[in-house]
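Take a look at the letters that make up each chain.
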Amino acid sequence: MGVHIGVPDDAPAGIAELYERDRTCRTLGIALEEVAPGRALMRMRVGEDMVNGHGTAHGGFLFLFADAAFAYACNGYGPVTVAQSAQVTFLLPAAVDDELLAEAVERTRSGRNGIYDVTVRRTDGTVVAEFRGQSVMLAGKARPRSGGRARGARHPPVACPVSRPGARPPPA
């Protein structure tokens, strides 16, 4: 597995275009190593500009990295699919120059919804973080051919806040 910035030749239809529009991954040097419907493997080196005040990889970059692998795994089927929610558990710190892999695996899909697990590890196999993402397919939405959202695409549903006893209802 060599480090390259691009898309594997055997990537599902539309993934090359998706990666081409993914400025964040390309700017940060996040490589898409492998991708298939329901699976993705990405690689990233922790740069000096990715560390926090403690000198370790900032959790936001680790979350972003795992989220990117999640995105490619769930978009391998074709229709536009976005994150509905996600969480990450940071297990060990990553340091400058650590080479990391994010491996996303589909756990289940039901209708328009999916659940994916992503393991972020160093290349020596040491697990740094575990991520779980829930996806939702935007019904009938094709990927855009150039920059921007798919025509007619909406943001995924947002959970309503839980009402508190004695709280006033929002104005009508």
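The rules we used
Residues numbered from 1 in each chain as written. Predicted model: local features only at pLDDT ≥ 70, side-chain atom pairs only at ≥ 80, totals over all residues. Heavy atoms only, no water. Helix = DSSP H or I, 4+ residues; strand = E, 2+ residues; numbered from the N terminus. Buried < 20%, exposed > 50% of the residue type's maximum accessible area, 1.4 Å probe, protein only. Contact = heavy atoms within 4.5 Å. Areas by Shrake-Rupley, 256 points an atom, 1.4 Å probe, with all protein chains shown as cover. Pairing = 2+ DSSP bridges. Axes fitted to C-alpha atoms, helices over the stretch in contact; angles between N-to-C directions. Core = buried A, V, L, I, M, F, W, Y, C linked by side-chain atoms within 4.5 Å. pLDDT = per-residue confidence, 0-100. Polar contact = N/O pair within 3.5 Å; in protein donor to acceptor, adjacent residues only side chain to side chain. Salt bridge = Lys/Arg side-chain N within 4 Å of Asp/Glu carboxyl O.

(A) Layout of the overall build of the chain. Along the chain, the regular secondary structure elements total three helices and six strands. Burial statistics for the chain: of 172 residues in total, 37% are counted as buried. Restricting the contact set of the chain to residue pairs at least 6 apart, pairs at least 24 apart contribute 63%. For the chain, the exposed surface amounts to about 10,100 Å²; the carbon and sulfur share of it is 52%.

(B) Local environment of the sheet that holds strand β1 (residues 31–36). With antiparallel pairing, six strands are arranged side by side in an open sheet as β1-β2-β4-β5-β6-β3. A strand with exactly one partner marks an edge of an open sheet, and here the two such strands are β1 and β3 (81–90). Neighbouring strand axes in the sheet, compared pairwise and without regard to direction, differ in orientation by 20° on average. Relative to strand β6 (residues 127–137), strand β5 (residues 113–122) runs antiparallel, the two being bridged by nine bridges.

(C) Representation of the nonpolar core in the model. With 33 residues, the main nonpolar core has Leu32, Met42, Phe65, Tyr72, Leu100, Val118 and Val120 as its most contacted residues. Residue assignment for this core shows that the elements contributing at least two residues are α1 (15–21), β1, β2 (39–45), α3 (59–75), β4 (99–110), β5 and β6. Here the element with the most residues in this core is α3; it accounts for nine residues. The contacts of Tyr72, once residues within four sequence positions are left out, are Ile15, Leu18, Tyr19, Asp22, Leu32, Val35, Ala40 and Met42.

(D) View of the pairing of β2. Taking burial as the measure, the seven residues of β2 include five buried ones, the bulk of the element. The pairing of β1 with β2 spans five bridges and is antiparallel. Along β2, the bridge assignment pairs Glu34 with Leu41. With seven bridges joining them, β2 and β4 adopt antiparallel strand pairing. By the bridge assignment for β4, Arg45 is matched with Glu99.

(E) Fine view of the confidence of the model for the chain. Of the residues in the chain, 77% reach a pLDDT of 70 or more, and the chain-wide mean stands at 83. Low confidence marks residues 145–165, where pLDDT is under 50. Its contacts with residues over four positions away, or in another chain, come to 19 contacts.

(F) Spatial organisation of the environment of Arg112. Its location among the elements puts Arg112 in the loop between β4 and β5. Note on Arg112: relative accessible area 42%, which makes it partly exposed. Along the sequence, Arg112 and Leu138 sit 26 residues apart, while their C-alpha atoms lie 7.5 Å from each other. In contact with Arg112, other than residues within four places in its own chain, are Ser135, Val136, Met137, Leu138 and Ala139. Here Met137 takes part through its backbone oxygen, which lies 2.7 Å from a polar atom of the side chain of Arg112.

(G) View of the side chain of Arg122. Mapping Arg122 onto the fold places it in strand β5. Polar side-chain contacts of Arg122 include one of 3.1 Å to the side chain of Asp98.

(H) Structural detail: the environment of Glu48. Residue position: Glu48 is located in the loop between β2 and α3. Considering only alpha carbons, one finds Glu48 and Val96, 48 residues apart in sequence, at a separation of 5.7 Å.

(I) Focus on the pattern of salt bridges. The full count for this structure, using the stated rule, is nine salt bridges. A salt bridge links Asp98 to Arg122; its shortest N-O distance comes to 3.1 Å. Of this pair, Asp98 sits in the loop between β3 and β4 while Arg122 is found in strand β5, placing the two residues 24 residues apart along the sequence. Classification of Asp98 as buried rests on a relative accessible area of 17%. In this structure, Arg121 engages Glu103 in a salt bridge whose closest nitrogen and oxygen atoms are separated by 3.4 Å. Taken together, the residues span a long stretch of sequence, with Arg121 in strand β5 and Glu103 in strand β4 at a distance of 18 residues. Assessed through its relative accessible area of 24%, Arg121 is described here as partly exposed. Owing to a relative accessible area of 28%, Glu103 belongs among the partly exposed residues under this scheme. Overlapping salt bridges bring together Glu33, Arg43 and Glu99 as one network.

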